[in-house]
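Structure assessment
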Amino acid sequence: MTAGHLAVIDMQRVFADPASPWATPRYADAAAGVRGLLPAFADRVTFTRFLAPGTPTGSWRAYYDRWPFALQPPDAELWHLSDEFTDYAWHVVDATTFGKWTPELAARVGPDARLVLAGVSTDCCVLSTALAAADAGTEVLVVADACAGADDDSHLKALQIMELYRPLVRVTTARDLLAEPGP
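Rules behind the numbers
Residues numbered from 1 in each chain as written. Predicted model: local features only at pLDDT ≥ 70, side-chain atom pairs only at ≥ 80, totals over all residues. Heavy atoms only, no water. Helix = DSSP H or I, 4+ residues; strand = E, 2+ residues; numbered from the N terminus. Rg over C-alpha atoms; globule rule 2.2 N^0.38 Å. Buried < 20%, exposed > 50% of the residue type's maximum accessible area, 1.4 Å probe, protein only. Contact = heavy atoms within 4.5 Å. Areas by Shrake-Rupley, 256 points an atom, 1.4 Å probe, with all protein chains shown as cover. Lys, Arg positive; Asp, Glu negative; His and termini not counted. Charge placed at Lys NZ, Arg CZ, Asp CG, Glu CD. Expected span 1.5 Å × (residues − 1). Salt bridge = Lys/Arg side-chain N within 4 Å of Asp/Glu carboxyl O. Pairing = 2+ DSSP bridges. Axes fitted to C-alpha atoms, helices over the stretch in contact; angles between N-to-C directions. Patch = residues over 30% accessible without salt bridge, like charges linked within 9 Å, V, L, I, M, F, W, Y side chains within 5 Å. Right-handed = clockwise from strand over helix to strand, strands pointing away.

1. A short note on the overall build of the chain
- Looking only at helices and strands, the chain has seven helices and six strands in total.
- The order of helices and strands in the chain, counted from the N terminus, is β-α-α-β-α-β-α-β-α-β-α-β-α.
- For 183 residues, the compact-globule formula gives about 16 Å, and the C-alpha radius of gyration of the chain, at 15 Å, lands near that figure.
- Seen along its three principal axes, the alpha-carbon backbone of the chain occupies a region of about 45 × 30 × 30 Å.
- Out of the 183 residues belonging to the chain, those deemed buried represent 48%.
- Within the chain, counting contacts between residues at least 6 apart in sequence, those at least 24 apart form 78% of the total.
- When the accessible surface of the chain is split by element, carbon and sulfur atoms take 56% of a total near 8,700 Å².
- Positive and negative charge centroids in the chain, built from 14 and 23 side chains respectively, lie 2 Å apart.

2. So, the environment of H91
- Its location among the elements puts H91 in the loop between α3 (60-66) and β3 (92-95).
- On a C-alpha basis, the gap between H91 and A28 in space is 22 Å, while along the polypeptide they are 63 residues apart.

3. What about helix α2 (residues 27-41)?
- Spanning 15 residues, α2 covers 21 Å between terminal C-alpha atoms, matching the ideal 21 Å at 1.5 Å per step.
- For α2, the complete set of buried residues consists of Y27, A30, A31, G33, V34, L37, L38, A40 and F41.
- Of the surrounding secondary structure, the elements contacted by the buried residues of α2 are β1 (5-9), α1 (13-16), β2 (45-50), β4 (114-120), β5 (139-148) and α7 (174-179).
- A42, located one to two residues past α2, shows a positive phi value of around 50 degrees.

4. Quick notes on the pattern of salt bridges
- According to the stated counting rule, one finds eleven salt bridges in the structure shown.
- Each of R13, E77 and D83 takes part in a single network of salt bridges with overlapping partners.

5. A closer look at the sheet that holds β3
- Ordered by their spatial adjacency, six strands build an open sheet running β3-β2-β1-β4-β5-β6, and the pairing between neighbours is parallel. Each end of this open sheet is capped by a strand with a single partner; those strands are β3 and β6 (169-172). Neighbour-to-neighbour, the strand axes of this sheet turn through a mean angle of 25 degrees, independent of strand direction.
- With respect to the sheet, helix α6 (residues 152-163) is in contact with β5 and β6, its orientation differing from that of β5 by roughly 165 degrees.

6. Looking at a nonpolar patch on the surface
- A contiguous nonpolar patch, built from I161, L164, Y165 and L168 and spanning about 400 Å² of accessible area, is present on the exposed surface.
- When you line up the elements, Y165 lands in the loop between α6 and β6.

7. A closer look at the pairing of β4
- In terms of burial, β4 is largely enclosed, as seven of its seven residues are buried.
- Here β4 shows no split at all, with R114, V116, A118 and V120 on one side and L115, L117 and G119 on the other all buried.
- Where β1 meets β4, five bridges bridge the pair, whose relative direction is parallel. For H5, the partnering residue across the bridge sits in β4 and is L115.
- Note: β4 against β5, six bridges, orientation parallel. Residue pairing in the sheet places R114 in a bridge with E139 of β5.
- Of the crossover connections in this fold, the one passing from β4 over helix α5 (residues 122-135) to the parallel β5 is right-handed.

8. As for the pairing of β3
- Burial along β3 is one-sided: V93 and A95 are buried, and none of V92 and D94, which face the opposite way, are.
- Across four bridges, the pairing between β2 and β3 is parallel. Residue pairing across strands places F50 opposite A95, the latter belonging to β3.

Okay, here's the thing in structure tokens:
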């Protein structure tokens, strides 16, 4: 069993659907990587969902002026986790922000545990979560082949940026992570 807590970031229909304005081109690749990680973490998995706020405030108003299709309630289908993950989503954290390092996720991970990140989008919600968790003093591992970005270039650039935060944030692969000795 792999040490730490796995946070699966925003594996939702809005990012999986090729017709969505927020489609992540390599979503299926990230999903395959996530599926490969799940057994190693057992009940130490949290799925997250990005949701639109009821009423956007501050700079989020301009954001949703650009993306009005997303102003839908939390139960709208676009916000559902992809069907392949619903049976694994025993614990879900919802947030109206890119970063998912919420008090709820922090409590699930614990003060001295390691946070392993996978999901979408590498260059947005994964990056925002990784940096916030690292700032809080949590060791963060980002599983590159279990993530996908808005495009390949953005994905790679985000991984390079996160690698600059070493040793607080470390980019790894599923194979290398799963080969590490357990607790």
